[in-house]
Each structure stands twice: as structure tokens, then as C-alpha cells.
Amino acid sequence: MNLPNKLTMLRVLLIPFFVFFLLAPAFADSGKYIATVIFVIASLTDLFDGKIARKYNLVTNFGKFMDPLADKLLVCSALICLVDRKELASWIVIVIIAREFIISGFRLVAAEHQIVIAASYWGKFKTTFQMLMIIVLILDLEQPVFRTLGVALTYISLVLTVISLADYLYKNKEVLKEQN
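Residues numbered from 1 in each chain as written. Predicted model: local features only at pLDDT ≥ 70, side-chain atom pairs only at ≥ 80, totals over all residues. Heavy atoms only, no water.

**Focus on the overall build of the protein**
Summing up its helical and strand segments, the protein has six helices and zero strands in all. Taken from N to C terminus, the helices and strands of the protein fall in the order α-α-α-α-α-α. Viewed in the frame of its principal axes, the protein has a C-alpha envelope of about 55 × 35 × 25 Å. A burial count over the protein gives 44% of its 180 residues as buried. The long-range fraction of contacts in the protein, counting pairs at least 24 apart against all pairs at least 6 apart in sequence, stands at 76%. Between the centroid of the 18 positive side chains of the protein and the centroid of its 14 negative side chains there is a distance of 6 Å. (Helix = DSSP H or I, 4+ residues; strand = E, 2+ residues; numbered from the N terminus. Buried < 20%, exposed > 50% of the residue type's maximum accessible area, 1.4 Å probe, protein only. Contact = heavy atoms within 4.5 Å. Lys, Arg positive; Asp, Glu negative; His and termini not counted. Charge placed at Lys NZ, Arg CZ, Asp CG, Glu CD.)

Below, the structure is given as C-alpha cells:
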């Protein structure tokens, strides 16, 4: 297993620890700081695994499959925890997770036709803003500026989620056409 794939697997392995520290009542405030550090480390593995894989020609089928899955598991776990902590409205999480299911299904259909759908800039912006939003919401700092930042990042993430979905569907609409 090469380094990018190990980083991807590390991200997956960090998820239960992240969820534990975020939700375990025994840790109170310290738990959210530990969870934030774990989330940031996991998010950074997402940044580095792709860069390393492309730079050193270490792209594998395992990585192509697991990297986006690891991202979805990390972000969706965080979003669900934020709903549980009443930091995020469930309808927002439903929109975000629905987009992930739609894109995953879309990629499966494309793969059946030997079409590879690469990540777009809109998708990368969406992921970046979602991760920033998650960090701000987990920290849940009481300052009004921080609260406003959390709300702004939430709605920016939501808008980018919808835009990136529309972008994927528009740019790859031929995937949905019936093939003979």
C-alpha cells in the first residue's frame, strides 16, 4: 500500500475517534478541541494524499475508490454529529448528504459506460468550505463574530453544494442519456 492510500486509510481510521471525542459527554469542552484537532488532521490527509499521488504517479484504483469515500464518511459523520449537538439544522445536512448520494450514483452510471468523472473546482470549493464550516461549528465559540462566521460558512457551503451538483450534472449530462 503506497503513502497516499495509507493517508486515505488514516482518514477513515480517525473518524471513530473524532466522533467519540465530539459526542462523549465525559470530555465536555475539551472533547470539542480534541475532535477539532482530529478533524483538521483528517482533512489535511485529504489534501496531501491526492497531491502526493499525482506528483509521484501513485494513483491507484483503490485510491480512486477510497479517497472520495473517506471524504464523504468524514464530512457526513461530522455533519450528523453537528445535528446531534444542535449546531446545524437537519435540512441542511439532508441537502448536503443528498448531493453526495446523487454524485456517487451518477459516477456509478458513468463508470458503467467507462466514463471517468473528475472532481471539479466547484466540488473542491464545496469541500473546502464544508470543512471550514465544520471546524467553526465544532469549536462553537461564543463570540458574535465567530457565530456570524459559522452561519456564513454554513450558507456558503450549502450554495456551493447545490452549484457543484448542478455543475456535475450539466457537464456530464451525456451520462444520463440512454445508450444502445
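**A word on a nonpolar patch on the surface**
Among the surface-exposed residues, Y121, W122, F125, V159 and I163 lie close enough to one another that they form a single nonpolar patch of about 520 Å² accessible area. Those elements that place two or more of their residues in the nonpolar patch are α5 (121–139) and α6 (144–171). The element that contributes the greatest number of residues to the nonpolar patch is α5, accounting for three residues. With respect to the secondary-structure elements, W122 resides in helix α5. For W122, a relative accessible area of 36% gives the class partly exposed. (Patch = residues over 30% accessible without salt bridge, like charges linked within 9 Å, V, L, I, M, F, W, Y side chains within 5 Å. Areas by Shrake-Rupley, 256 points an atom, 1.4 Å probe, with all protein chains shown as cover. Salt bridge = Lys/Arg side-chain N within 4 Å of Asp/Glu carboxyl O.)

**Structural notes on the packing of aromatic side chains**
Here the structure, examined in full by the defined rule, presents five aromatic pairs. Taken together, a centroid distance of 5.4 Å and an interplanar angle of 45 degrees make the contact between F18 and F39 tilted. Taken together, the residues span a long stretch of sequence, with F18 in helix α1 (residues 3–23) and F39 in helix α2 (residues 28–55) at a distance of 21 residues. F39 carries the same exposure label as F18, and that label is buried. Seen in terms of ring centroids, W122 and F125 are 6.3 Å apart; in terms of plane orientation they differ by 80 degrees. Their pairing is edge-to-face. Of this pair, W122 and F125 are both found in helix α5, three residues apart, which corresponds to roughly one turn of the helix. Three or more aromatic residues joined by ring pairs make a cluster, and in this case those are F20, F21 and F27. Against the face of Y170 rests K173, its NZ or CZ located 3.9 Å from the ring centre. (Phe/Tyr/Trp six-rings, centres within 6.5 Å; stacked < 30°, edge-to-face > 60°. Lys NZ or Arg CZ within 6 Å of the ring centre and 35° of its normal.)

**Here we look at the layout of surface pockets**
In this structure, the second largest pocket occupies an estimated 180 Å³ of space. Lining the second largest pocket are 13 residues; nearest its centre among them are E87, L137, R147, G150 and V151. At the level of elements, α5 and α6 are the ones that each hand at least two residues to the lining of the second largest pocket. Among the elements that line the lining of the second largest pocket, the one with the most residues is α6, at five residues. (1 Å grid on protein atoms, 1.4 Å probe; cavity = no way out; pocket = protein on both sides within 12 Å on 5 of 7 lines; lining within 4 Å. Points joined across faces, edges and corners; volume = space filled by probe spheres on them.)

**Points about the environment of T154**
Along the chain, the position of T154 falls in helix α6. The exposure class of T154 is buried, given its relative accessible area of 5%. Between the C-alpha atoms of T154 and I92, which are 62 residues apart in sequence, the distance is 8.4 Å. Ignoring sequence-local partners within four residues, the contact set of T154 consists of L88, I92, M133 and L137.

**Focus on unusual backbone geometry**
Look at N57: it is not a glycine, yet its phi comes out positive at around 55 degrees. With respect to the secondary-structure elements, N57 resides in the loop between α2 and α3 (61–84). Even without a glycine there, the phi angle at K86 is positive, about 65 degrees. Mapped onto the elements of the fold, K86 is located in the loop between α3 and α4 (90–112). Of the residues examined, K86 reaches a relative accessible area of 72% and is grouped as exposed.

Keep in mind these values describe shape, not function.
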